[in-house]
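For reference, the chains in residue letters:
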Amino acid sequence: MKNTIFGIITVAKIMKKLAFYFLLAIFFASCNSTKQVAEGEYLLRENLLFIDSVKSKSGDLEKYILQKPNNRLLGLPFGLYFYNLGNPDKPKTHSEWAEKNPKSYQFIKSIFSEKQSIAYANSFINLNNWYLKNDAPEIVNKSKIQKTADNLWAYYKTQGYFKSKVDTIIKRNNDKKAIVEYHIQKGKPTMLDSILVKIASPELDSIYKNSKHESYLKTGAQYKDQDFRNEASSIVKLFRNSGIFHFSEAALGFYVDSTRTDYKTNVEFLISTNRLTEENGNYVERPYKVHRIKEVTVHTDYSFLKKEEAIKDSISYEGINFIANEKVKFNPKYLSQSIFLKPGEIYKDTLRNLTRNHLKSLQNFKSTNLKFTPLSEENGDLRMDVFLTPIEKYNLSLETEITHSNIRNIGTSAKFSITNRNAFRGAELLKMSVLGSWFNSNNGPGWELGADISVEVPRFLAPFNLSKLVPKEMSPRTYISIGSSFQKNIGLDRQTFTFMTDFKWQFNAKKNIHLEIFNTQYVKNLNVTSFFDIYSSEFSRLNDIAQIYPGVGGNLPTDATKYEESVKFMSDVAADASFQATNPTEYNTVLNIQNRFNIVTSDFLIPVIAYSFTFNNQSDVNDNNFSFLKVRVANSGNIMGLLSKSRNSNDKKTFLNIPLAQYFKTDIEYKKFWDKGNNSVFAFRTMIGAIITYDNSDIPFIKSYFAGGSNDIRAWQTYELGPGRRNTGLEYNTGSFKFLTSAEYRFDVISKLKGAIFVDAGNIWDISGSEFVDNDARFKNLSSLKNIAVGSGFGTRLDFNFLILRFDIGFKTYEPYLEGNKWFKNYNFSNAVYNIGINYPF
């Protein structure tokens, strides 16, 4: 019997190996990239650009090239390899498959049924279709090559190279692959000579001269189409922001002298006197006039289905009419603050756009439409109608998330929220949320419950008319929140109470300001007696010292008295001068653990005042060429520290008998992204942060810096790295100074699958000056930067549009805590860190 079982197992193993090698052989057979390339056709291997005989890699020209080689990962076209596993000539329906494979089809049918045989055929058809959804071979196409050459010629013409020339060369190889070369001879550029602006309309001429407009067209500059487009756009903006409601680019004309042979050209810029308008079926010329807003009507509950119904409610406020089919539910005083075009004012495009954007930012309306109707051609009067379609007053939402880290093995969280729009008739957003999470860790299952209530007000709520310091054009907002959360089996079972009052405003389209005034957090530890169970490495070190300490000479207890005896042991050692003299290293170790114990187990009141500045010049979500900068400066405990004179037994300032966190903290983060073409992006991120305490305060654990994790240095797990060149082996390593930088290259692989290679570098250090901190953990000067850790690796991302599922493998590249050689010592898969994350790391 045993021999039979052993034989079956052996056969199974052999079959498994044979199946693996068979699939591997099939895949490598598909690795012939020209497998699906027909005779006489060639696979495009590479495009080469030569500008004035010099090879170029100009990314700006990529968009004009119509044919691009198949995407590659690590130099290999994996998408094409998968495509080659399929066959475009294979059957497309189950009946065709049955004709091609009658024996297999009939065999399945005879054993099971017609339905199973159809499903069997469809499984092969679907697999083949999946293969063919990948990158098909990019076959050299002469028509596309010629169109690319035309595109390049047209581009250089827009840059003033009117006599440029583009030649193409197709270099065909014997392996059915080809390289396409584009040879561009730019020639000599044409320069702008005299520039003459002609404005026949006295009204427009007056506006133009008074504006002191700075033209994009300058004598001596190279001819560029974009400069002419920019000039036209700026002139339209000038007139439309000066009350010329009907002005458009159709009124503009540029005339360039093409008869000169000296590579110079004269430019005439003509602006029409009148505009054409249709009246009673005839076109009539009308002079341009400055238009003013005569009437403003706001439809507060507009619906296309009810547009013919009678108006049942109306309110007039500061010359603006607010109307509704049912009832005006918005306070006109506050809603009028989003209307920037008032009766009697000159029409301006900027104020029109500002009104639309401000109304959208209220998050109370599905749609916001502005309509302008001329009331009188002679007087230039306009009526402005604002059509607002409200969103449902109440909204329910549920957010869920799966979490994983070195602390939490696997977990899930959920947040349920109800939002009440226009809660107090001023377009406020009142939100009530309940959240919960559950996870499994090394210490067993844990959970967290919390609730909060917040209100977001689309204006400043500030005394003494301080709200006037920020104009309403900057969309000021006030955010007030109060909440609490309770954790079980997470650290020391922390309970947190939070109260926040924040002010936000948009300085301009790229700059945002965030001011935190009363951001107060009370952190209470409910289970400090479990400290030595959670921080088991601390207990192990104490236990080692207990072996040699007089009066103990053995292990510390691990029963119910473990906590009390460990705390007593630390106190006894700290007061023992003779042990300090005979065992200074062990004595300092105990003091270090005792100091860490006092910080981690302490409750904290953290009253923060902070200022944040954010710069982001990303135009939209598809823009991959942009920069991001965020600077945050915060202070905790300054005002409350002045109000309180109380101190606890550890000489820490307290407020209402709660230890007060007193520190200054600064964080600076910079990110830069470059679009490299072919859906590839190079991303760079750097961050530096520091915390400095005062008045003998400690840094709360939740405000300390840590290193490692899926969004940090990915070759180390969360809290694993640092501080400095120390390798403590502790569960949680924190610091008061942090430096982090990352570089990542992101690219397409196949379909929704994307790839990345990355390098992360950084570490945490201590700058508190505490006597308990090990010398190797301190940041002394720039020489401490030699202790920066470096990790590198690669990853994959599944892009589902609404979220990105990320998997990264980080390898320890430079480990500052090692003795001797620190480079690539543990650069292998067994010491790698496997990170799972949602969305990009930065």
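Everything here concerns the structure above.
This one's a predicted model, so the numbers in the text were calculated from it and none came from an experiment.

### Considerations on the overall build of the chain
Move 1: When you go through the chain residue by residue, the secondary structure sums to 16 helices and 32 strands.
Move 2: When its C-alpha atoms are laid out on the principal axes, the chain stretches across 110 × 85 × 65 Å.
Move 3: The buried share of the chain, taken over its 842 residues, is 41%.
Move 4: Here the analysis covers contacts within the chain between residues at least 6 apart in sequence; of these, 62% occur between residues at least 24 apart.
Move 5: Carbon and sulfur atoms make up 55% of the accessible area of the chain, which totals about 45400 Å².
Move 6: If you average the places of the 106 positive and of the 86 negative side-chain charges in the chain, the two averages end up 3 Å apart.

### What about the pairing of strand 9 (residues 282–287)?
Move 1: Sheet topology places strand 8 (residues 274–279) next to strand 9; six bridges connect them, and they run antiparallel. Residue pairing across strands places Asn 274 opposite Pro 287, the latter belonging to strand 9.
Move 2: What sits between strand 8 and strand 9 in their antiparallel hairpin is a turn of two residues, with Asn 280 showing a positive phi close to 55°.

### A look at the sheet that holds strand 7 (residues 264–271)
Move 1: Spatially, 5-7-6 is the arrangement adopted by the three strands of the open sheet, whose pairing is mixed. Edge positions in the sheet fall to strand 5 (191–199) and strand 6 (252–256), since each of these pairs with one other strand and no more. Going across the sheet, the axis of each strand differs from the next one's by a mean of 20°, ignoring polarity.
Move 2: With seven bridges joining them, strand 5 and strand 7 adopt parallel strand pairing. Within strand 7, the residue paired with Met 191 across the bridge is Lys 264.
Move 3: Packed onto the sheet, helix 8 (residues 225–240) meets strand 5, strand 6 and strand 7 and runs at close to 150° relative to strand 6.

### Looking at the pattern of salt bridges
Move 1: Using the criterion set out here, one finds 37 salt bridges in the structure.
Move 2: Among the salt bridges present, the one from Asp 193 reaches Arg 260, with a minimum N-O distance of 2.9 Å. Taken as a pair, Asp 193 in strand 5 and Arg 260 in the loop between strand 6 and strand 7 lie far apart in primary sequence, 67 residues in all.
Move 3: By relative accessible area, Asp 193 is classed as partly exposed at 24%.
Move 4: A salt bridge links Asp 808 to Arg 714; the shortest N-O distance between them is 3.2 Å. Taken together, the residues Asp 808 in strand 31 (residues 804–814) and Arg 714 in the loop between strand 27 (680–693) and strand 28 (737–750) connect sequence positions 94 residues apart. Judged on exposure class, the residue Asp 808 and its partner Arg 714 are both buried.
Move 5: Connected through salt bridges with shared partners, the residues Arg 714, Glu 744, Arg 746, Asp 760, Arg 797, Arg 806 and Asp 808 form a single ionic network.

### Considering the side chain of Glu 744
Move 1: Looking at where Glu 744 falls in the secondary structure, it is placed in strand 28.
Move 2: The class of Glu 744 is buried, set by a relative accessible area of 0%.
Move 3: For Glu 744, the side chain forms a polar contact with the side chain of Arg 746, separated by 2.6 Å.
Move 4: Not counting the four nearest positions on each side in its chain, Glu 744 is found in contact with Val 681, Phe 682, Ala 683, Arg 714, Ala 756, Ile 757, Phe 758, Arg 797, Tyr 840, Pro 841 and Phe 842.

### Considerations on the packing of aromatic side chains
Move 1: Applying the stated criterion to the full structure yields 53 aromatic pairs.
Move 2: With centroids separated by 5.9 Å and ring planes inclined at 50°, the aromatic side chains of Phe 245 and Phe 372 adopt a geometry described as tilted. Of the two residues, Phe 245 sits in the loop between helix 8 and strand 6 while Phe 372 sits in strand 13 (residues 365–376), which places them 127 residues apart along the sequence.
Move 3: For Phe 372, a relative accessible area of 10% translates into the label buried.
Move 4: Aromatic ring contacts, followed pair by pair, group Phe 531, Phe 532, Tyr 535, Phe 539, Tyr 563, Phe 597, Phe 701, Phe 706, Tyr 719 and Tyr 732 into a single cluster.
Move 5: Above the face of the Phe 245 ring, Arg 240 is positioned so that its terminal group lies 5.6 Å from the ring centre.
Move 6: Here the guanidinium or amino end of Arg 746 rests over the ring plane of Tyr 840, the centre of that ring lying 4.3 Å away.

### Comments concerning helix 13 (residues 562–574)
Move 1: In this model, helix 13 (13 residues) spans 18 Å end to end at C-alpha, consistent with the 18 Å of a helix rising 1.5 Å per residue.
Move 2: Among all positions in helix 13, only Lys 562, Tyr 563, Ser 566, Phe 569, Met 570 and Val 573 are buried. Angularly, the buried residues of helix 13 cover 130° about the axis, an arc narrow enough to put them on a single face.

### Focus: the nonpolar core
Move 1: In this structure, Val 298, Leu 335, Ile 339, Phe 372, Met 384 and Val 386 are the most contacted members of the largest nonpolar core, which totals 25 residues.
Move 2: Put simply, the parts of the chain that give this core at least two residues each are strand 10 (292–299), strand 12 (320–324), helix 10 (349–361), strand 13 and strand 14 (381–390).
Move 3: In this structure, Ile 534, Leu 542, Ala 546 and Tyr 732 belong to the second largest nonpolar core, which totals 24 residues.

### With respect to helix 2 (residues 78–85)
The periodicity of an α-helix, 3.6 residues per turn, causes residues three or four places apart in sequence to face the same way.
Move 1: Within helix 2, six of the eight residues are buried, which leaves the element mostly enclosed by the surrounding structure.
Move 2: All buried positions along helix 2 are accounted for by Gly 79, Leu 80, Tyr 81, Tyr 83, Asn 84 and Leu 85.

### So, the sheet that holds strand 13
Move 1: Reading across the sheet, the five strands line up as 11-12-10-14-13 and stay open at both edges, with mixed pairing between neighbours. Across the chains shown, the open sheet's two edge strands, defined by having one partner strand only, are strand 11 (313–317) and strand 13. Ignoring which end each strand starts from, the neighbouring axes of this sheet average 20° apart.
Move 2: As paired strands, strand 10 and strand 12 are joined by four bridges and run parallel to one another. Bridge pairing links Thr 297 to Asn 321 in strand 12.
Move 3: Packing against the sheet, helix 10 makes contact with strand 13 and strand 14, and its axis sits at approximately 155° to strand 13.

### Some points on the side chain of Asp 493
Move 1: Within the secondary structure, Asp 493 sits in the loop between strand 19 (477–488) and strand 20 (494–506).
Move 2: Residue Asp 493 is classed as buried on the basis of its relative accessible area, which comes to 5%.
Move 3: For Asp 493, the side chain forms a polar contact with the side chain of Asn 527, separated by 3.4 Å.
Move 4: Setting aside its immediate chain neighbours within four residues, Asp 493 contacts Gln 487, Lys 488, Lys 524, Asn 525, Leu 526 and Asn 527.

### Structural notes on the pairing of strand 10
Move 1: In terms of strand pairing, strand 10 meets strand 14 through seven bridges, oriented parallel. Bridged to Thr 297 within strand 14 is Asp 385.

### Concerning unusual backbone geometry
Move 1: In this structure, Pro 723 follows Gly 722 across a cis peptide bond, with omega equal to -5°.
Move 2: In this fold, Pro 723 is placed in the loop between strand 27 and strand 28.
Move 3: Positive phi, normally seen in glycine, also occurs at Gln 363, with a value near 55°.
Move 4: According to the relative accessible area criterion, Gln 363 is partly exposed, its value standing at 37%.

### Here we look at the packing of helix 12 (residues 536–546) against helix 15 (residues 584–601)
Move 1: One can describe the packing of helix 12 onto helix 15 by two numbers: an axis separation of 10 Å at closest approach and a directional angle of 150°. By the angle class used here, helix 12 and helix 15 are roughly antiparallel. In terms of crossing hand, the pair formed by helix 12 and helix 15 is left-handed. Contact residues: Glu 538, Arg 541, Leu 542 and Ile 545 in helix 12; Glu 586, Thr 589, Val 590, Ile 593 and Arg 596 in helix 15.
Move 2: Looking at the contact of helix 12 with helix 15 residue by residue, the classes come out as four nonpolar, one polar and four charged.

What counts, and at which threshold
Residues numbered from 1 in each chain as written. Predicted model: local features only at pLDDT ≥ 70, side-chain atom pairs only at ≥ 80, totals over all residues. Heavy atoms only, no water. Helix = DSSP H or I, 4+ residues; strand = E, 2+ residues; numbered from the N terminus. Buried < 20%, exposed > 50% of the residue type's maximum accessible area, 1.4 Å probe, protein only. Contact = heavy atoms within 4.5 Å. Areas by Shrake-Rupley, 256 points an atom, 1.4 Å probe, with all protein chains shown as cover. Lys, Arg positive; Asp, Glu negative; His and termini not counted. Charge placed at Lys NZ, Arg CZ, Asp CG, Glu CD. Pairing = 2+ DSSP bridges. Axes fitted to C-alpha atoms, helices over the stretch in contact; angles between N-to-C directions. Salt bridge = Lys/Arg side-chain N within 4 Å of Asp/Glu carboxyl O. Polar contact = N/O pair within 3.5 Å; in protein donor to acceptor, adjacent residues only side chain to side chain. Phe/Tyr/Trp six-rings, centres within 6.5 Å; stacked < 30°, edge-to-face > 60°. Lys NZ or Arg CZ within 6 Å of the ring centre and 35° of its normal. Expected span 1.5 Å × (residues − 1). Arc of directions from axis to C-beta. Core = buried A, V, L, I, M, F, W, Y, C linked by side-chain atoms within 4.5 Å. Parallel < 35°, antiparallel > 145°, perpendicular 65-115°, else oblique. Left-handed = near helix turned anticlockwise from the far one by under 90°. Nonpolar A, V, L, I, M, F, W, Y, C, P; charged D, E, K, R; others polar.

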